[in-house]
Amino acid sequence: MNISLNGYGEHVATFEAEAGVTAGMPVKITGNGMVGAGAALDAFCGVAVSVRGGFAAIQLGGYVKVPYSGTAPAVGYQKLNCAGGGKVQAESTGRSLLVTDVDTAAQTCGIIL
């Protein structure tokens, strides 16, 4: 991709993080002010930007690049949810998000949350 969307509309908030949350993975709300790793077909609220000391900075809005599993999502508005293993997947029941770019070799896609 010849352009960069990094930094576009970023909104980041700090949450307590359950064990297993790592930077770059989609996460779901698991309790009051707490996030955890999403299992297959879970709706995700955002993507962990960093994790340290039991807390995670979660990007809730803006552009982010995430790994995907299964069929590559198409660019445009697609329904995405967790695939497990820190990835997302295109599904008919997921959250409608704008997919801006897809790298099939790296199995990543850029999305606007």
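What counts and what doesn't
- Residues numbered from 1 in each chain as written.
- Predicted model: local features only at pLDDT ≥ 70, side-chain atom pairs only at ≥ 80, totals over all residues.
- Heavy atoms only, no water.
- Core = buried A, V, L, I, M, F, W, Y, C linked by side-chain atoms within 4.5 Å.
- Buried < 20%, exposed > 50% of the residue type's maximum accessible area, 1.4 Å probe, protein only.
- Helix = DSSP H or I, 4+ residues; strand = E, 2+ residues; numbered from the N terminus.
- Contact = heavy atoms within 4.5 Å.
- Salt bridge = Lys/Arg side-chain N within 4 Å of Asp/Glu carboxyl O.
- Polar contact = N/O pair within 3.5 Å; in protein donor to acceptor, adjacent residues only side chain to side chain.
- Pairing = 2+ DSSP bridges.
- Phe/Tyr/Trp six-rings, centres within 6.5 Å; stacked < 30°, edge-to-face > 60°.
- Lys NZ or Arg CZ within 6 Å of the ring centre and 35° of its normal.
- Axes fitted to C-alpha atoms, helices over the stretch in contact; angles between N-to-C directions.

Caption draft 1: Representation of the nonpolar core. Among the nonpolar cores identified, the biggest contains 13 residues, and Phe44, Val66, Cys109 and Ile111 are the most heavily contacted of them. Put simply, the parts of the chain that give this core at least two residues each are β6 (63-67), β7 (76-84), β9 (95-103) and β10 (108-112). Setting aside residues up to four positions removed in sequence, Cys109 forms contacts with Val64, Lys65, Val66, Tyr68, Pro73, Val88, Val99, Asp101 and Val102.

Caption draft 2: The side chain of Thr108, seen in detail. Among the secondary structure elements, Thr108 is positioned in strand β10. Not counting residues within four places of it along the chain, the set of residues in contact with Thr108 comprises Lys65, Val66, Pro67, Tyr68, Asp101, Val102 and Asp103.

Caption draft 3: Up close: the pattern of salt bridges. A complete count under the given rule lists 2 salt bridges for this structure. The partner of Asp42 in a salt bridge is Lys28, and the shortest N-O contact between them spans 2.9 Å. Of the two residues, Asp42 sits in the loop between β3 (34-37) and β4 (46-52) while Lys28 sits in strand β2 (residues 26-31), which places them 14 residues apart along the sequence. Between Asp101 and Lys65 there is a salt bridge, with the nearest N and O atoms lying 2.9 Å from each other. Placement of Asp101 in strand β9 and of Lys65 in strand β6 is noted, with a sequence separation of 36 residues between them. Residue Asp101 is classed as buried on the basis of its relative accessible area of 8%.

Caption draft 4: Representation of the side chain of Gln89. Locating Gln89 in the fold gives a position in strand β8 (residues 87-90). For Gln89, a relative accessible area of 15% puts it in the buried group. One polar contact links the side chain of Gln89 to the main-chain carbonyl oxygen of Cys82, over a distance of 3.2 Å. When near neighbours in sequence (up to four residues on either side) are disregarded, Gln89 contacts Leu41, Ser69, Lys79, Leu80, Asn81, Cys82 and Ala83.

Caption draft 5: Local environment of the pairing of β8. Here 4 bridges tie β7 to β8, and the two strands are oriented antiparallel to one another. Bridge assignment links Cys82 to a residue of β8, and that residue is Val88.

Caption draft 6: Examining the packing of aromatic side chains more closely. For the structure on display, the rule yields 0 aromatic pairs. Residue placement shows Arg95 over the ring face of Phe44; its charged tip is 5.9 Å from the ring centre.

Caption draft 7: Region of the structure containing the sheet that holds β9. Overall, antiparallel pairing links the 5 strands, which are arranged β6-β10-β9-β7-β8 in an open sheet. Each edge of the open sheet is held by one strand with a lone partner, namely β6 and β8. In this sheet, neighbouring strand axes are inclined to one another by 55° on average, regardless of whether the strands run parallel or antiparallel. By the bridge criterion, 5 bridges tie β7 to β9 in an arrangement that is antiparallel. Residue Tyr77 lies in a different strand from β9, and its bridge partner there is Leu98.

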